[in-house]
Structures are given as structure tokens and as C-alpha cells.
Amino acid sequence: MTQSPVNVTVTGAAGQIGYALLFRIASGHLLGPDTPVKLRLLEIPQAVKAAEGTAMELDDCAFPLLAGIDIFDDAKQAFDGANVGLLVGARPRTKGMERGDLLEANGGIFKPQGEAINAGAADDIKILVVGNPANTNALIAQAHAPDVPAERFTAMTRLDHNRAISQLAAKLGVPVTEIKKLTIWGNHSATQYPDLFHAEVGGRNAAEAVGDQAWLENDFIPTVAKRGAAIIEARGASSAASAANAAIDHVHTWVNGTAEGDWTSMGIPSDGSYGVPEGIISSFPVTTKDGAYEIVQGLEIDDFSRARIDATVAELVEERDAVKGLGLI
Ligand code: NAD
Ligand code: LMR
């Protein structure tokens, strides 16, 4: 092994997603089979002991690529030298909590983490925010890291992307590998827009292959957009293994590139493309190469898609204005 280890900081390491995520990072699924990793785990003080337990299990796997594990309850230390940051820990909404309370509580987490990233992360830092509300939490962290290029802050819509591929493949009775160019637009929330009009199935336009606008509107879109709530209802806890899998996919694609003739979905700071206000962190179709991403340009957006994109973007603008009003950005 010639490469020096990549420092991967994971917040919320003792949580459900953390438990499903860390073993796959350590076994090489995040960065590939030739890249050793050092894990830097961040937890709140009360959960450090549980994180230590997970670290013992990681040790017990004797992963050849795992070059070390450090555990912190201080964000500055956890992000010191980080090359990749997976921001999973967040404040969940609890009974009686208003939206503003939720945004404020998360501001208390993502503001200091943004500052810590600004202070000590490596020059090539790449951030993925998983903790909800993911897009706006990413915006808060990014606003407090003025020395880090804004495009390094991303939010996860890859789980929605994977869910949409799976639903479409099941509808058409084709393998998931037949489906390309799926896009999730907007927010990781029930307003998101999973777009089949630019997707392809075996080289054919996906919306045409489905040929059923009623299914698309009344079944496909709500099923994908409300899947997170359906999982919570069924499991009694939010998605964990599939969320961890999507986080692995997101970073792996960012680092290793999209396949020729395909793209993926990432929540990224808007450059104004497709009429999405500059600066908000919104999901777009992107291609990736050499560790950088680009928004797919030139897609024709019809009235149906325009209305859906506008609705989810309006929600992101509202969230941005709310955190601005709270002095969090
Ligand atoms: P969890 O409650 O099991 O774990 C969260 C962990 O974060 C806990 O161990 C907690 O101690 C820790 N934590 C809280 N504040 C922290 C801080 N300031 N620093 C470090 N750690 C902190 O939750 P989970 O199931 O692992 O989910 C984590 C988040 O991911 C939630 O916000 C959830 O809604 C979100 N999520 C997002 C997606 C997505 O697609 N973007 C999908 C699923 C879940
Ligand atoms: C998901 O999409 O599964 C989660 O974001 C749901 C949630 O609220 O944690």
C-alpha cells in the first residue's frame, strides 16, 4: 500500500446511520480498494462511550484499509486535517417542536461544525451533509466556512435518486442497471421532484417507456418523495442502511466520476442554473470527474417539470430565509 491514509470525519458516529456506514468506509467502499482510511468520529459527550464500542467492533474486523480510529466530542479536533466529512449527526424533530426550533437547534450543530471545517480541514475537503434538514444544514455549515470553496459543501439526495431508480425499474420490470440519467431536483423533503422526463431506460426515454402520466404523478412521485416517512412508519425508525449506502454512493461517485452516458443527483450550491436562485443548496443532475462535479446543462424543462422544480426550490428559499432570520447564516 503506497498511498497515505485519507482522513474521513463522521459526525453522529454512534447513531443508526453511523453504525451502517463506518464498516463500509473501513472496508474500502467509500474511496476504493487501494485507499487506506483513518476514521475521525465526532459524537456528543453522552454518546462517546457508544462510539468507543463501535470502534472496538471496527478493530475486531481487522480491516486491511483501516489505518486508525480517533473519537472526539469537539468539532475542531474532529475536523482537523479532514479530507472527507460526513455530517450525519443532527437534531431530530421532536414532539411540539416548530420548524423554527428545528432549524435553530440544527444551527447550533452545523454552525460550529462549519467553523471547525474552516479552521482545520485539509485543502481538498469534501463535505456531505446527511443530517436533516440536509440542504439547509449544509447551507449553514457552508456559510461558516468562508475559506473553503462553497462547492465542497453538498447535501444528500442520492437516497432519493436510488429510490427513484428502484421504483422505476420495478414498474417496467427491468434491472436497475438499465436506468440512466435520473434526476432528483430540489430539496431532500416531500417537495423534491424525481424527474423521469430526462431519464432513460435501456436507451429509451423513461417517461415514454412508462407511458402513464397518472402513474408518474399519483404514484411514482409521491412514493419516492414520501419514502422516508413510509420507512419510519414501517420500521419505527428512519432509514439507516439505505441512507448509509447512499452516502457511500454519493462520495464514491464524487471522487471516482460518473459513468459515460449517465449522471447522478447531488444537493449542491446553485450557480443559478435552471432558474434556481444562486447560493441555495439544491439537488441537480450532475456529472463528476477527477473529484469535481458539473451541473448537466441544456435540459429542456417543460411546464410540468418547471412547476415541480419551482415548488421545491420555493421551499428551499423559505428555509434559507428562515435561517437568515435566525441569524444562522
Ligand atoms: P440517530 O439519532 O440514530 O443518530 C444521530 C447521532 O448524532 C446520535 O448518536 C447523536 O448523539 C449524534 N449527534 C447529535 N448531535 C451531534 C453533534 N452536535 N455532533 C456529533 N454528533 C451528534 O439518527 P440517524 O438515524 O443516524 O440519522 C441521522 C440523521 O440523518 C437524521 O437527521 C436523519 O433525519 C438524517 N437522514 C437523512 C437522510 C437523507 O437522505 N439525507 C436519510 C436518512 C436519515
Ligand atoms: C429519509 O429520507 O429516509 C429520511 O430523510 C427521513 C427522515 O426524516 O429522517
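Predicted, not measured: the structure shown is a model, and the values here were computed from it. (Residues numbered from 1 in each chain as written. Chains lettered and ligands numbered in written order. Predicted model: local features only at pLDDT ≥ 70, side-chain atom pairs only at ≥ 80, totals over all residues. Heavy atoms only, no water.)

With that out of the way, let us pick up the nonpolar core. Formed by 38 residues in total, the largest nonpolar core has its most connected members in Leu168, Leu196, Phe220 and Phe284. Sorting the residues of this core by element identifies α6 (158–172), β8 (183–185), α7 (206–210), α8 (213–225), β12 (264–269), β13 (281–289), β14 (292–295) and α11 (303–325) as the ones contributing at least two each. Apart from residues lying up to four places away in sequence, Phe284 is in contact with Thr183, Ile184, Trp185, Thr264, Ser265, Met266, Ile268, Ser270, Ser273, Tyr274, Val276 and Ile295. Within the second largest apolar cluster, 32 residues are counted, among which are Ala13, Leu39, Met156 and Val251. (Core = buried A, V, L, I, M, F, W, Y, C linked by side-chain atoms within 4.5 Å. Buried < 20%, exposed > 50% of the residue type's maximum accessible area, 1.4 Å probe, protein only. Helix = DSSP H or I, 4+ residues; strand = E, 2+ residues; numbered from the N terminus. Contact = heavy atoms within 4.5 Å.)

Here the focus is the site of ligand 1. What surrounds ligand 1 is a group of 23 residues, the closest being Gln16, Ile17, Glu43, Val130 and Asn132. In this structure, Asn132 approaches ligand 1 through a side-chain N or O atom, which is 2.8 Å from an oxygen atom. Note that an oxygen atom of ligand 1 is positioned 3.2 Å from one of the side-chain N or O atoms of His188. If ligand 1 stood free it would expose 870 Å²; the protein chains cover 82% of that surface. Mapped by element, the contributors of at least two residues to the shell around ligand 1 are α1 (16–26) and α4 (99–120). Split by residue class, the shell around ligand 1 holds twelve nonpolar, ten polar and one charged. Residue assignment places the shell around ligand 1 across two domains, with domain 1 (6–155) and domain 2 (157–323) each supplying three or more. (Near = heavy atom within 4 Å. Polar contact = N/O pair within 3.5 Å; in protein donor to acceptor, adjacent residues only side chain to side chain. Areas by Shrake-Rupley, 256 points an atom, 1.4 Å probe, with all protein chains shown as cover. Nonpolar A, V, L, I, M, F, W, Y, C, P; charged D, E, K, R; others polar. Domains from an automatic or database assignment.)

This next bit is on the domain arrangement of the chain. When cut into domains, the chain gives domain 1 (6–155) and domain 2 (157–323). Each of domain 1 and domain 2 has a C-alpha centre, and the two are 23 Å apart. With 30 residues of domain 1 in contact, the opposing surface of domain 2 contributes 36 residues. Overall, the association of domain 1 and domain 2 removes approximately 2600 Å² of surface from exposure, summing both partners, and the carbon and sulfur fraction of that is 66%. Scanning the region where domain 1 abuts domain 2 turns up zero salt bridges. Remark: the boundary between domain 1 and domain 2 carries eleven residue pairs in polar contact (both at pLDDT 80 or more). When residues in the side of domain 1 that touches domain 2 are grouped by element, the largest group, six residues, is from α1. Each residue belonging to the side of domain 1 that touches domain 2 can be placed in one class, and the counts come to 19 nonpolar, six polar and five charged. (Buried area = accessible area lost by both parts, 1.4 Å probe. Salt bridge = Lys/Arg side-chain N within 4 Å of Asp/Glu carboxyl O.)

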